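The primary structure of each chain is shown beneath.
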Protein chains: 4
Amino acid sequence: MARRQLVQMLDQALDGWLALACRGRQSGRERAVERRAPALQQKAKAALQAGLHVVCEKPLCFTTQQAEELRALAACQGRIVGVTYGYAGHQLIEQAREMIAAGELGEIRIVQMQFAHGFHSAAVEAANPATQWRVDPKMAGPSYVLGDVGTHPLYLSEVMLPQLRIKRLLCTRQSFVKSRAPLEDNAFTLMEYDNGAVGQVWSCAVNAGSMHGQKIRVIGAKASLEWWDERPNQLSFEVQGQPARILERGMGYLHPAALADDRIGAGHPEGLFEAWSNLYYRFALAMDAADRGQPAPLRYPDIDAGVEGVRWVEHCVRSADAGAVWVDYR
Amino acid sequence: MARRQLVQMLDQALDGWLALACRGRQSGRERAVERRAPALQQKAKAALQAGLHVVCEKPLCFTTQQAEELRALAACQGRIVGVTYGYAGHQLIEQAREMIAAGELGEIRIVQMQFAHGFHSAAVEAANPATQWRVDPKMAGPSYVLGDVGTHPLYLSEVMLPQLRIKRLLCTRQSFVKSRAPLEDNAFTLMEYDNGAVGQVWSCAVNAGSMHGQKIRVIGAKASLEWWDERPNQLSFEVQGQPARILERGMGYLHPAALADDRIGAGHPEGLFEAWSNLYYRFALAMDAADRGQPAPLRYPDIDAGVEGVRWVEHCVRSADAGAVWVDYR
Amino acid sequence: MARRQLVQMLDQALDGWLALACRGRQSGRERAVERRAPALQQKAKAALQAGLHVVCEKPLCFTTQQAEELRALAACQGRIVGVTYGYAGHQLIEQAREMIAAGELGEIRIVQMQFAHGFHSAAVEAANPATQWRVDPKMAGPSYVLGDVGTHPLYLSEVMLPQLRIKRLLCTRQSFVKSRAPLEDNAFTLMEYDNGAVGQVWSCAVNAGSMHGQKIRVIGAKASLEWWDERPNQLSFEVQGQPARILERGMGYLHPAALADDRIGAGHPEGLFEAWSNLYYRFALAMDAADRGQPAPLRYPDIDAGVEGVRWVEHCVRSADAGAVWVDYR
Amino acid sequence: MARRQLVQMLDQALDGWLALACRGRQSGRERAVERRAPALQQKAKAALQAGLHVVCEKPLCFTTQQAEELRALAACQGRIVGVTYGYAGHQLIEQAREMIAAGELGEIRIVQMQFAHGFHSAAVEAANPATQWRVDPKMAGPSYVLGDVGTHPLYLSEVMLPQLRIKRLLCTRQSFVKSRAPLEDNAFTLMEYDNGAVGQVWSCAVNAGSMHGQKIRVIGAKASLEWWDERPNQLSFEVQGQPARILERGMGYLHPAALADDRIGAGHPEGLFEAWSNLYYRFALAMDAADRGQPAPLRYPDIDAGVEGVRWVEHCVRSADAGAVWVDYR
């Protein structure tokens, strides 16, 4: 596949996002609405069948089975599927991953995650198409906030803690704006991992006054790491019994993997666009490598991440709809 | 009962705390060890029977039934029981209570609570008597962190949200330092309230690197309030769609009830000692009023708060020990 | 001038920056070294004479007289000169400007400014070309930190407070790394404005441990505004006697002028690249308008800003070199 | 002198403060008004002549000469004079002193100080006796904010940097509320120290919206320390090129001198009352030692600190009134 085609394909696959990223957000979001329908999954499938790489918004589709089919198809075709977990492109996520891998936290005990904003505290969907599809099961599938926001910190935990496996989970969900039922605008998910660690995800769109509230805190026997997407250039490293340390993007003391994507000196804030750009760069490298039959040179949110997000939402919904009971994760 | 007796009784009842508050903490804590044994409940009982008011550390005792007995006895004797939920003495807790009562948050939806420090990330109890009794079921009863730290933000929620009633709860608890089993050093508790709101308490002593991590965030349909015990002179008030506002202790815009206990101008930080002092003042007023057969002029953590703390821990433990299942709250 | 030429010119004029912005910063900065020599001013002059618009790093040149000549030349040629005060592209700077213009602060009394980082606490220039030219009078002109960092918050004050005029100033400067003399790595500048207000700029490259430390606080009779470039999506608005309010980029309560440049919803952090991009957009609009003989539709850092920066540094140096005495500003 | 007398004397000398610290602040402050008149200095003198130790609010008196006389008298009588620089009682001030003494910051270069609140942004003195005397030269002497707030961080710098000597200073002061003239409600003071370091004090009562704004940042060749009185339990330690570290009161990694005054475990906030209490403890120790002809066992704000504060204000005023010129410090 020629580089020119690749770029063209990227352009097409991402145009929903690009429209969003340009001025004139309203119309961009209206276009995004059309793309979240089940048609999204069909288009991804068609693209893979046509031998194209795919870069796709999450969730990929509505069921784990559909997601697994996409995975199989992508493997069969030798094409990549990139999933737009944009926050994972921030450099300090990479730093956290390396520090945890190096054992700086000790054995992992607890993973606290949340993405809890307040923008949908009221029934704003009546006047806002970008919210409307999110609370329509036909468009959004079986969940709202679990899929829309909860999967983001979940994916960060997958990046930081690649060995961790969920053993079982329990989810309770609510529709505080009644018209959203059966889709939830708040959910708590408890998780037990196979190594004895526990985790929690708070997914919320009615956390009045919160801008984003996306945070992840990984707690080990010796130390914790905490990251907040509204201050993405800082990472708090807290060794028990020592002063908390604030790591800053771009500094020489970071792991090389956390410096590779820098464009500008430390102190200058990089924002979400740079994080997305880092992802696209990785998508492009992965595509190029796949075209040459080689593995991706850099980690990126791939089809496995996409499948895992769909699976997690499915399990959460199953638990919640059964009365917030524990369900085995498989 | 003469004022002199009252003061003497106060002195005796509180001497564990006072010792703690003085220099020479080690020995003070050793004395506290003796007082947390079941003897504590017996002494409280004996004091009430002797016609004395009681000020007591929490938990009052190990079972709801014992707590109810103390309540009945106190009522019968016309004596008060003050429970040392010290953080509730901070003035901004009173401010939150008044703002919520005035409807400034709208209908309450979510209550997020946590007290999650990291000081017991390792098995420090081997060398530290103050930790030792906390992880010994004979001394501490059926729980460690649920009772020791979790009940604090729970009580703050009772102060701020006096109408809220727990309908059912679910708790999962872990002993990350294995030798602490069956007592937990981490617990998550999910709660459903009878009005449809939900809540959560994270109780933890292994949150490595966290100093205290006691926070409460009350989320309503219109706005949220958040308070953190490590910055007790600030209260964040976040109306959805408006800039977050940082309320400061001592300022004229606060509710009179939040100004009543001030000793010094705004800007000067008051700390935990002042909060405790505010409680003691309220205990003394309540004792004095009770001696004259009158109701307490100011709210204070009373026997009902004490009973509720014991009941909550009991339900959490029952849920956790049954496999982290939902249990009705009654 | 055709649009194509404009873009080409932009590309050329900005390539130092673009190189800097790309991967491979080291080499990019080496190229920048060449461009800061007096050649920069000659090139700008030549470009204007050739009928090209100019976008230029600051300082434009070494002396006010040179800067005035450029201004006259640009006016004569009908070409614009854009100066890369990149932080001024952050949307909340526009918000501050509008709030001050609307009288929300009351009469302005004090302007506190600083840009005080710590990256040059040691003599890093020995091994770092990007620092080397900054401390070489032949390349950097008569000052290091006054021009390199101090002019940034100074320009923010010009944007926020367009009516304010400096009446006299006093500057003291130091070379804590001795080899940098006569150029300073720290300077304090006091300013008196013609309306009775006072201001201060702390320019520093040896503020050990500080990432950037670029802040501006504008204090009026009723309220203050504070902005920090490391958290550019927040603006603190503090009315005396009311809770401080944290304004967030992208929110509907902002002035339309502060929303015009948004690309993405509130909560998502935009960083320095977006701020620069906002400037470039304004440069392009200004160029296009100039080509049609019209005024620029949006404010941008223009030749007046460039002249003012050079003039301020010149006065600071004159004051400092005369023993830190007051000098009239003209 | 018997212990009983000592305590009685303490009670009397401090009753202004104690009244202030109790409920009923208004009346307490009215009493303080009487004590700030020149009578204060006469009373201190009389007390020393009568063989009493003195604990005194600052400024001790209006002129350096008067202060020196008190110093001579105290020395002659063998009595101590304690000056109530209350913030200096916070434990982390002691930590900063020890870290600087141990060379952890490298050679000291810059000392940034400020105490800049906003409570007197308007002419509140009309209705507020506690402000009224502060802006009356007959009561307050030759300055308002320089003496009232500026001397506080100045004293912190004396504690942290006992070797530093001011060589010359320059002060500019303003009366933004016109009726306060000749007393200032804002002042900037620049200082040169004899070792080549520079410093700055911002004294302000019209910093609208600021609660206190008392901060000190000590910058060395290797690292900086920063402390803020509104968060007195934290101390930021920033080594250039390393993550900033947040030191917390009460932690085992602190210097023993910073732990000596603790009453309660780390994480629990101690406030201004505890800081004052630490001072009183030190005053009492010093009195007791003086009674036995011995030196004070612990550092406390003594007559030298009192003299220095008066001297600094005197020099600031002299500089300001001469047109904000440099004056030699002696």
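Nothing here was measured: the structure is a model prediction, and the numbers come from that model.

(A) Molecular detail of the UniProt feature "domain: Gfo/Idh/MocA-like oxidoreductase C-terminal" (unreviewed entry) in chain A. Mapped onto the present numbering, the UniProt feature "domain: Gfo/Idh/MocA-like oxidoreductase C-terminal" (unreviewed entry) falls at residues 97-327 of chain A. With 31% helix and 25% strand, the stretch residues 97-327 of chain A has end C-alpha atoms that lie 28 Å from each other.

(B) Summary view of the interface of chain C and chain A. Each side of the interface is counted separately: chain C has 33 residues, and chain A has 33 residues. Across the interface of chain C and chain A, roughly 2,900 Å² is buried in total on both sides, 58% from carbon and sulfur atoms. Across the chain C-chain A interface, the total number found is zero salt bridges. Contributions of two or more residues to the side of chain C that touches chain A are made by helix H2 (15-21) and helix H11 (272-291) of chain C. Per-element accounting of the side of chain C that touches chain A gives the leading share, five residues, to H11(C). Counted by class, the side of chain C that touches chain A contains 16 nonpolar, seven polar and ten charged residues.

(C) View of the environment of A:Gly51. Residues and elements named next belong to chain A. Note that Gly51 resides in the loop between helix H4 (39-49) and strand S1 (54-56). Looking at Gly51, the relative accessible area reads 28%, which means it is partly exposed. Measuring from C-alpha to C-alpha, the distance between Gly51 and Arg79 comes to 6.9 Å, with 28 residues separating the pair along the chain. If we ignore the near neighbours within four places in the chain, the residues touching Gly51 are Gln77 and Arg79.

(D) Molecular detail of the domain arrangement of chain A. Residue and element names in this part refer to chain A. On domain assignment, one finds that chain A holds domain 1 (3-86 + 277-302) and domain 2 (90-263 + 309-328). When the buried surface of domain 1 facing domain 2 is broken down by residue, Phe62, Tyr85 and Arg299 rank first, second and third, together holding 29% of it. Summed over the shared surface of domain 1 and domain 2, the number is four salt bridges. Among the ionic pairs, Arg299 bridges to Glu94, the shortest N-O distance being 2.2 Å. Applying the counting rule to domain 1 against domain 2 returns nine residue pairs in polar contact (both at pLDDT 80 or more). Listed by contribution, the elements that provide at least two residues to the side of domain 1 that touches domain 2 are helix H3 (25-36), helix H5 (64-77) and helix H11 (272-291). For the side of domain 1 that touches domain 2, the residue count by class is twelve nonpolar, six polar and eight charged.

(E) Spotlight on the relation of the copies chain D and chain C. Mapping chain D onto chain C is achieved by rotating through 180 degrees and translating by 0.0 Å along the same axis, at an RMSD of 0.0 Å. Taken together, the rotation angle and the small translation identify this as a two-fold axis. If distances are taken from each C-alpha of chain D to the rotation axis, the shortest is found for D:Val325, at 3.6 Å. A share of 100% of interface residues in chain D that are also interface residues in chain C marks the association as one of identical surfaces.

(F) Up close: unusual backbone geometry. Cis geometry is adopted by the peptide bond preceding A:Pro182, which originates at A:Ala181 and carries an omega value of 10 degrees. Summarising the element assignment, A:Pro182 is placed in the loop between strand S4 (166-174) and strand S5 (186-193). One non-glycine residue, B:Ala324, lies in positive phi territory at about 65 degrees. Take B:Ala324: its relative accessible area is 2%, and that puts it in the buried class.

(G) Geometry of the side chain of C:Gln91. Residue and element names in this part refer to chain C. Along the chain, Gln91 turns up in helix H6 (residues 91-101). You can call Gln91 buried: its relative accessible area is 4%. Apart from residues no more than four positions distant in its own chain, Gln91 is found in contact with Arg249, Ala258, Asp261, Asp262, Arg263, Glu270 and Asn278.

(H) Geometry of the relation of the copies chain C and chain A. The transform that puts chain C on chain A rotates by 180 degrees and translates by 0.0 Å along the axis, for an RMSD of 0.0 Å. When the interface residues of chain C are mapped onto chain A, 100% of them again fall at the interface, so both copies present the same face.

(I) Region of interest: the interface of chain D and chain C. Listed per partner, the contact involves 41 residues of chain D and 41 residues of chain C. Between chain D and chain C lies a buried interface of about 3,000 Å² when both sides are counted; carbon and sulfur atoms form 57% of it. Together, D:Arg109, D:Phe176 and D:Gln240 form the three largest contributors to the area buried by chain D at its contact with chain C, with a combined 21%. Linking chain D to chain C there are zero salt bridges. Seen at the junction of chain D and chain C, the total is 16 residue pairs in polar contact (both at pLDDT 80 or more). At the level of elements, strand S3 (108-116), strand S4 (166-174), strand S5 (186-193), strand S6 (198-204), strand S7 (214-220), strand S8 (223-228) and strand S9 (234-239) of chain D are the ones that each hand at least two residues to the side of chain D that touches chain C. The dominant element in the side of chain D that touches chain C, judged by the number of residues it contributes, is S6(D), at five residues. When grouped by side-chain class, the residues that make up the side of chain D that touches chain C number 19 nonpolar, 16 polar and six charged.

(J) Representation of the UniProt feature "domain: Gfo/Idh/MocA-like oxidoreductase N-terminal" (unreviewed entry) in chain A in the model. With numbering matched to this structure, UniProt assigns "domain: Gfo/Idh/MocA-like oxidoreductase N-terminal" (unreviewed entry) to residues 43-85 of chain A. Between the first and last C-alpha atoms of residues 43-85 of chain A the distance is 19 Å; the span itself is 49% helix and 14% strand.

(K) Region of the structure containing the packing of helix H5 (residues 64-77) of chain D against helix H12 (residues 303-321) of chain D. All names here are of chain D. Following both chains from N to C, one finds H5 and H12 inclined at 170 degrees, their axes separated by 9 Å at the closest point. On the basis of the axis angle, H5 is roughly antiparallel to H12. Every residue of H12 that contacts H5 at Thr64, Ala67, Glu68, Leu70 and Arg71 is listed here: Ile303, Asp304, Val307, Val310, Arg311 and Glu314. Grouping the constituent residues of the contact of H5 with H12 by class yields five nonpolar, one polar and five charged.

(L) Examining the packing of aromatic side chains more closely. All told, the structure shown has 24 aromatic pairs over all chains when counted by the stated rule. An angle of 75 degrees between the planes, with centres 5.8 Å apart, marks the rings of B:Tyr87 and B:Phe115 as edge-to-face. Taken as a pair, B:Tyr87 in the loop between strand S2 (81-83) and helix H6 (91-101) and B:Phe115 in strand S3 (residues 108-116) lie far apart in primary sequence, 28 residues in all. On the accessibility criterion, B:Tyr87 (6% relative accessible area) is buried. Each ring, one from B:Phe283 and one from B:Tyr300, has its centre 6.0 Å from the other, and the planes form 90 degrees; the classification is edge-to-face. Here the residue B:Phe283 occupies a position in helix H11 (residues 272-291), and B:Tyr300 occupies one in the loop between H11 and helix H12 (303-321), the gap between them amounting to 17 residues. The residues B:Phe283 and B:Tyr300 share a single accessibility class, namely buried. Members of the aromatic cluster, connected to one another through ring pairs, are A:Trp276, A:Tyr280, A:Phe283 and A:Tyr300.

(M) Representation of helix H9 (residues 145-160) of chain D in the model. Residue and element names in this part refer to chain D. Under the 1.5 Å per step criterion, the end-to-end length of H9 is 22 Å for 16 residues, consistent within 8% with the ideal 22 Å. Of all the bends in H9, the greatest, near 45 degrees, is centred on Thr151, and the proline Pro153 appears no more than four residues after it. The buried fraction of H9 is high, at 15 of 16 residues.

Reading guide: rules and limits
- Residues numbered from 1 in each chain as written.
- Chains lettered and ligands numbered in written order.
- Predicted model: local features only at pLDDT ≥ 70, side-chain atom pairs only at ≥ 80, totals over all residues.
- Heavy atoms only, no water.
- UniProt positions renumbered as here; feature names shortened; annotations may be inferred.
- Helix = DSSP H or I, 4+ residues; strand = E, 2+ residues; numbered from the N terminus.
- Contact = heavy atoms within 4.5 Å.
- Buried area = accessible area lost by both parts, 1.4 Å probe.
- Salt bridge = Lys/Arg side-chain N within 4 Å of Asp/Glu carboxyl O.
- Nonpolar A, V, L, I, M, F, W, Y, C, P; charged D, E, K, R; others polar.
- Buried < 20%, exposed > 50% of the residue type's maximum accessible area, 1.4 Å probe, protein only.
- Domains from an automatic or database assignment.
- Polar contact = N/O pair within 3.5 Å; in protein donor to acceptor, adjacent residues only side chain to side chain.
- Least-squares fit on C-alpha atoms with pLDDT ≥ 70 in both.
- Axes fitted to C-alpha atoms, helices over the stretch in contact; angles between N-to-C directions.
- Parallel < 35°, antiparallel > 145°, perpendicular 65-115°, else oblique.
- Phe/Tyr/Trp six-rings, centres within 6.5 Å; stacked < 30°, edge-to-face > 60°.
- Expected span 1.5 Å × (residues − 1).
- Bend = angle between axes of the 7 residues up to and from the residue.

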